[in-house]
Amino acid sequence: QPTDQPEARKVSGRGELHLSIQIENLRREGFELHVSKPEDIVKEVDGVKCEPFERVQIDVPEEHTGIFFFFFFFFFFFLVVMSNTGYGQTRIIFH
């Protein structure tokens, strides 16, 4: 995206890995870069500031369900759906 400085551009991406790939591609194309700290993208919807969120869906063997709960709750994800898909698998969806 253009900025108030003609030689500067704002680049947006999904997460640090996505941005690092974009930055590496630009570097290989010969661009000189200065990279600042990543910032969250905040949009205003109906007067309310909203941030993007991730939706994670995993199918995991029933005996390993506990470790996934621990991991995702540790990172403040919220359980949306948990269902048995059959054949000893559990589908878990987090936001």
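Residues numbered from 1 in each chain as written. Predicted model: local features only at pLDDT ≥ 70, side-chain atom pairs only at ≥ 80, totals over all residues. Heavy atoms only, no water.

**Q** Please set out the overall build of the protein residue by residue, giving values where relevant.
**A** Counting its secondary structure elements, the protein contains two helices and five strands. Helices and strands appear in the protein in the N-to-C order α-β-β-β-α-β-β. Taking 95 residues into account, the globule formula puts the C-alpha radius of gyration at 12 Å, and the protein, at 19 Å, lies well above it. Seen through its C-alpha atoms, the protein measures out along the principal axes to roughly 55 × 40 × 20 Å. In the protein, which comprises 95 residues, the share counted as buried stands at 13%. Counting every atom, the protein has about 8,500 Å² of accessible surface; 57% of that belongs to carbon and sulfur. (Helix = DSSP H or I, 4+ residues; strand = E, 2+ residues; numbered from the N terminus. Rg over C-alpha atoms; globule rule 2.2 N^0.38 Å. Buried < 20%, exposed > 50% of the residue type's maximum accessible area, 1.4 Å probe, protein only. Areas by Shrake-Rupley, 256 points an atom, 1.4 Å probe, with all protein chains shown as cover.)

**Q** Report on a nonpolar patch on the surface, specifying residues and quantitative values.
**A** A surface patch of nonpolar side chains, amounting to about 590 Å² of accessible area, comprises Ile67, Phe70, Phe71, Phe74 and Phe75. Looking at the element boundaries, phenylalanine 71 is found in helix H2 (residues 65-74). (Patch = residues over 30% accessible without salt bridge, like charges linked within 9 Å, V, L, I, M, F, W, Y side chains within 5 Å. Salt bridge = Lys/Arg side-chain N within 4 Å of Asp/Glu carboxyl O.)

**Q** So what about the pattern of salt bridges? Which residues, and what values?
**A** Taken as a whole and judged by the stated rule, the model has three salt bridges. Here arginine 28 ties to glutamate 24 by a salt bridge, and the two come within 3.1 Å at their closest N and O atoms. Of this pair, arginine 28 and glutamate 24 both sit in helix H1 (residues 15-28), four residues apart, which is roughly one turn of that helix. By relative accessible area, which is 27% here, glutamate 24 ends up partly exposed. Several salt bridges converge on common partners, so that one network encompasses Glu24, Arg27 and Arg28.

Shape descriptors only; they carry no functional weight alone.
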